[in-house]
Amino acid sequence: ETDGPMNEPEHTMSAEQPGLARPKVMVLTHSLSAVDGVGVYGTNTLRFLAPLCDGLSVYIGRKHRGLGAELPRTGVTVYEVLPTDHFPFLSWPKLAWLLLSSLPLLVRAARRADVVHSFSDYPMGFVATLVGLLARRPVVVSGHGTYSVAPCSMPFHRKLIGWMYARADRFVMGANFALTQ
């Protein structure tokens, strides 16, 4: 039997290895749904990380497409508190509202974590990078093609994306096309 998206992933690391740190991870995303790529990616990433971490705190919008059935029930806590919906792109006023209303909560949460990881690139990756810098935590941003490059055609968003790319500690990209853009 192969390791498909619905089967447990094979781990190359073990949480039982002596001396291996079990980090606390704060995650920001706009989806954990089984109906879109970011949601499937996020759910599978959480399934892989849950046994290796000392807690995963996931922050998602109050309005979303639902939580995938494959989401781990142990080691993962989902906070449906962000003033966002299931659309990954935020206009400037919506982004400003997200920052004004959520930044203190997110910075406090990041200070309890060892690392901040955004499962979606922009604008959540921008928010995660800002939160990580304010909390003095390393930041990982996962990119998913279109939303990594589409906002670059808008001058204001292009500046924020450039700021994010320059300051995130790691950027994980699943597609060479988006990476080269």
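> Got a sec to walk through the overall build of the protein chain? Specific residues and values, please.
Helix and strand counts for the protein chain stand at 6 helices and 6 strands. Across the 181 residues that make up the protein chain, the buried fraction comes to 45%. In the protein chain, the share of contacts with a sequence separation of at least 24, taken over all contacts with a separation of at least 6, comes to 66%. A total of about 9,500 Å² of accessible surface is found on the protein chain, and carbon and sulfur atoms cover 58% of it.

> Before we move on, can you summarise unusual backbone geometry with the specific residues and values?
Its identity is not glycine, yet Arg136 carries a phi of approximately 60°, on the positive side. Along the chain, the position of Arg136 falls in the loop between α3 (124–135) and β5 (139–143). You can call Arg136 exposed: its relative accessible area is 74%.

> Kindly report on the packing of helix α2 (residues 92–111) against α3, identifying the contributing residues and their values.
Taken N-terminus to C-terminus, the directions of α2 and α3 make an angle of 45°; their axes are 9 Å apart at the nearest point. If you check the angle between α2 and α3, you find them oblique. Both α2 and α3 take part in a crossing whose hand is right-handed. Listed contacts from α3 to Leu95, Leu98, Leu99, Leu103, Leu106, Val107, Ala110 and Arg111 of α2 are Phe126, Val127, Leu130, Val131, Leu134 and Ala135.

> Outline the pairing of strand β1 (residues 25–28), supporting the account with residue identities and numerical values.
What you see with β1 is no split at all: Val25 and Val27 on one side and Met26 and Leu28 on the other are buried throughout. With respect to chirality, the unit in which β1 leads through helix α1 (residues 37–49) into the neighbouring parallel strand β2 (residues 56–61) is right-handed.

> Explain α2 to me, using residue names and the numbers behind them.
Taking 1.5 Å of rise per residue, 20 residues should cover 28 Å, and α2 covers 26 Å from first to last C-alpha, within 8% of that figure. The largest bend in α2 comes to about 60°, at Ser102, with the proline Pro104 one to four residues further on. Looking at α2, one finds that the buried residues are Leu95, Leu98, Leu99, Ser102, Leu103, Leu106, Val107, Ala109 and Ala110. Those residues of α2 that are buried lie in contact with β1, β2, β3 (76–82), β4 (115–118), α3 and α5 (155–167).

Criteria and cut-off values
- Residues numbered from 1 in each chain as written.
- Predicted model: local features only at pLDDT ≥ 70, side-chain atom pairs only at ≥ 80, totals over all residues.
- Heavy atoms only, no water.
- Helix = DSSP H or I, 4+ residues; strand = E, 2+ residues; numbered from the N terminus.
- Buried < 20%, exposed > 50% of the residue type's maximum accessible area, 1.4 Å probe, protein only.
- Contact = heavy atoms within 4.5 Å.
- Areas by Shrake-Rupley, 256 points an atom, 1.4 Å probe, with all protein chains shown as cover.
- Axes fitted to C-alpha atoms, helices over the stretch in contact; angles between N-to-C directions.
- Parallel < 35°, antiparallel > 145°, perpendicular 65-115°, else oblique.
- Left-handed = near helix turned anticlockwise from the far one by under 90°.
- Right-handed = clockwise from strand over helix to strand, strands pointing away.
- Expected span 1.5 Å × (residues − 1).
- Bend = angle between axes of the 7 residues up to and from the residue.

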